[in-house]
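Per-entry structural report
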Amino acid sequence: MLSIIAANHNKELVLEEYFNSIYSNGFQDFELLFVDDNSTDRSVEIAGGYPCTIIQNETNIGPAASRNRAAEMAQGDILVFTDTDITIDPGGLQRISDGFAAGARAMFGKLAFPPLRNTAVGRYWLFEEEEVCHYGGVRTGPVNCWSSTLGAVEKKLFMDIG
């Protein structure tokens with residue numbers, strides 16, 4: 001099972017598009033943990049309209065601490081960290097699952113700039129295992145970097161190294 005961890009702070013304007021990209025993705029074996037980092041907008045109200053676990057921070061603790069808090073609660077073997085101002089292309093969650101089934105230990109997505117996707121916020125999608133965007137270019141093979149904007153990692157590995 002994938003545990004999708006969505007760190008959020010005041011993103012009410014893009015949340016519906018984010019949630020819709022997750023719940024219409026065609027993949028069912030996941031839980032979504034929505035961590036609201038003390039937003040002052042309608043973020044929590046909007047999240048309440050979706051079948052997710054809402055975790056509310058009493059104070060603003062930042063995205064890293066918010067993600068760590070949710071990771072400890074996650075039930076899945078694979079943690080999928082996302083920002084809430086992105087969308088995941090149809091089939092993206094299946095690609096994550098397939099990558100880990102094939103032996104990946106960590107993966108991350110690539111930014112598609114708005115003119116390419118005709119959207120105001122930009123979109124991310126997963127490449128094949130270990131294929132990443134690197135300063136405007138694409139490099140294939142083992143990498144020494146990772147992004148939590150859309151990144152997935154084995155829970156055990158994450159908990160071991162933090």
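Residues numbered from 1 in each chain as written. Predicted model: local features only at pLDDT ≥ 70, side-chain atom pairs only at ≥ 80, totals over all residues. Heavy atoms only, no water.

A tally of regular secondary structure across the chain gives six helices and nine strands. Counting all 162 residues of the chain, 46% fall into the buried class. Of all intrachain contacts in the chain linking residues separated by at least 6 positions in sequence, the fraction that spans at least 24 positions is 70%. Summing over all exposed atoms, the chain offers an accessible surface of approximately 8300 Å²; the carbon and sulfur share of this is 50%. (Helix = DSSP H or I, 4+ residues; strand = E, 2+ residues; numbered from the N terminus. Buried < 20%, exposed > 50% of the residue type's maximum accessible area, 1.4 Å probe, protein only. Contact = heavy atoms within 4.5 Å. Areas by Shrake-Rupley, 256 points an atom, 1.4 Å probe, with all protein chains shown as cover.)

As a further point, take the packing of aromatic side chains. Pairs of aromatic rings are described using the distance from one ring centre to the other and the angle between the two planes. Overall, the coordinates contain seven aromatic pairs when judged by the stated rule. Ring geometry for Tyr23 versus Tyr50: centroids 6.0 Å apart, planes at 15 degrees, classification stacked. Linking Tyr23 in helix α1 (residues 12-23) with Tyr50 in the loop between α2 (43-47) and β3 (53-56), this pair joins segments that are 27 residues apart in sequence. Each member of the aromatic cluster is reached from another via a ring pair, and the members are Tyr18, Phe19, Tyr23, Phe30, Phe34 and Tyr50. (Phe/Tyr/Trp six-rings, centres within 6.5 Å; stacked < 30°, edge-to-face > 60°.)

What follows concerns the pairing of strand β9 (residues 150-154). Counting buried residues in β9 gives four out of five residues, a clear majority hidden from the surface. In terms of strand pairing, strand β4 (residues 78-83) meets β9 through five bridges, oriented antiparallel. Note on β9: the bridge partner recorded for Val80 is Ala152. (Pairing = 2+ DSSP bridges.)

Time to look at the pattern of salt bridges. Under the defined criterion, the tally for this structure stands at six salt bridges. Where Asp85 meets Lys11, a salt bridge forms, and the shortest distance between an N and an O atom there is 3.4 Å. Remark: Lys11 occurs in the loop between β1 (2-8) and α1 and Asp85 occurs in the loop between β4 and α4 (92-101); sequence separation between them is 74 residues. Residue classification places Asp85 among the partly exposed positions, given a relative accessible area of 26%. Note that Arg42 is salt-bridged to Glu12, the shortest N-O span being 3.7 Å. Taken together, the residues span a long stretch of sequence, with Arg42 in the loop between β2 (30-36) and α2 and Glu12 in helix α1 at a distance of 30 residues. We classify Arg42 as partly exposed; its relative accessible area is 42%. One connected set of salt bridges, linked through shared partners, spans Glu12, Arg42 and Glu45. (Salt bridge = Lys/Arg side-chain N within 4 Å of Asp/Glu carboxyl O.)

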